[in-house]
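Topology and contacts: notes
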Amino acid sequence: MADSEVDLEAEQYAKHREAGEILAQVREETADRVEVGVSHLEVAEYAEERIRELGGQPAFPVNISIDEEAAHATPSIDDETTFGEEMINLDIGVHVDGWLADTAITVDLSGHDDLAEAPAAALDAALDMIEPGVETGEIGAEIESVIDDYGFNPVVNLTGHGLGHWEQHTSPTIPNRAVSQGTTLEVGDVVAIEPFATDGGGKVTEGASEEIFSLEREGTIRNRQARQALDQITEEFRTLPFATRWLDTGRAEMALRRLKRNDIVHGYPVLKEDDGCLVSQKEHTIIVTPDGCEVTTE
């Protein structure tokens, strides 16, 4: 479809905007609740329930990443962890009928103001560049340059991404560093841009723990609890990520182990900075317009 034919008033874009409006409110309310001594689980459940109250659904479990954690950390069903004097990244998503918005913010209780500010400044610079025809590699170069000016490194193996219908990660990929080959943005693209900065080397690897999963393929399984879990997953979450604590079945962890063993679901291990150093993050969702972009999550 040619750019001129994209109808930015179509129902799908209205739902992206509605998801973004809900998400912007929930992000600010949730960030305000992050204080030393407050429970991770309390904050995650507050955000997820608030999304529902405002007319949306969580697009994925609230990610609460601490210090060297960069992504995929969410509380377990009986989690008693509380916030300390740490660097905390909140990554939250909303969908309305499968049309998504995605946002993230760093709440710094550790005293590293510059590191918390670096990805926010990089995101602002990236948003200023967005227009039809810009290449994603150029956006990555700008993000890298701003973070470098702050004296930090971008996390190079985490990227921004497109948002599809019931799909959290689609093309195009938005790198957080300069790359020679990229994708050209077009009117109507819905994209999450999410710079990550670190005082470490700039790469993340998978940790051991998993609390977030998503459906890999349809299948059958004999175990009753696993079958109940699968029914809920396919009906309620479809292909979007979900948390173990969201499952209504008894012995949810065992059910997920069975589903994973049968390659019906896959897990998302917590991602951690290689050197054990701090990671900060800022993210907005945008719609590419004929003369720039519309930020849906402001």
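Residues numbered from 1 in each chain as written. Predicted model: local features only at pLDDT ≥ 70, side-chain atom pairs only at ≥ 80, totals over all residues. Heavy atoms only, no water.

As recorded in an unreviewed UniProt entry, the protein goes by Methionine aminopeptidase and comes from Halovivax asiaticus JCM 14624. Quoted verbatim from the Subunit (unreviewed entry) heading of the UniProt record, the comment on the protein is "Monomer." UniProt, in its Catalytic activity (unreviewed entry) section for the protein, records the words "Release of N-terminal amino acids, preferentially methionine, from peptides and arylamides." (UniProt positions renumbered as here; feature names shortened; annotations may be inferred.)

Some points on the sheet that holds strand 13 (residues 279-281)
Consider a sheet: its strands pair through backbone hydrogen bonds, and that pairing is either parallel or antiparallel. What the three strands build is an open sheet, ordered 5-9-13; its pairing is antiparallel. Either end of the sheet is taken by a strand with one partner, and the two such strands are strand 5 (153-154) and strand 13. For strand 5 and strand 9 (residues 196-198), the ladder comprises two bridges, and the chain directions are antiparallel. Across the sheet, residue P154 finds its bridge partner in strand 9, namely A197. (Pairing = 2+ DSSP bridges. Helix = DSSP H or I, 4+ residues; strand = E, 2+ residues; numbered from the N terminus.)

Section: the domain arrangement of the protein
Domain annotation of the protein identifies domain 1 (11-207 + 274-295) and domain 2 (212-268). Its C-alpha centre places domain 1 at a distance of 26 Å from the equivalent point of domain 2. Counting residues at the interface gives 21 residues for domain 1, matched by 11 residues for domain 2. Its largest share of buried area at the contact with domain 2, domain 1 owes to P61, H72 and W166, together 47% of the area lost on that side. Seen at the junction of domain 1 and domain 2, the total is one salt bridge. The partner of R245 in a salt bridge is E48, and the shortest N-O contact between them spans 2.7 Å. Summed over the shared surface of domain 1 and domain 2, the result is five residue pairs in polar contact (both at pLDDT 80 or more). Element by element, the count of residues in the side of domain 1 that touches domain 2 is highest for strand 1 (residues 57-66), at six residues. For the side of domain 1 that touches domain 2, the residue count by class is 11 nonpolar, six polar and four charged. (Domains from an automatic or database assignment. Contact = heavy atoms within 4.5 Å. Buried area = accessible area lost by both parts, 1.4 Å probe. Salt bridge = Lys/Arg side-chain N within 4 Å of Asp/Glu carboxyl O. Polar contact = N/O pair within 3.5 Å; in protein donor to acceptor, adjacent residues only side chain to side chain. Nonpolar A, V, L, I, M, F, W, Y, C, P; charged D, E, K, R; others polar.)

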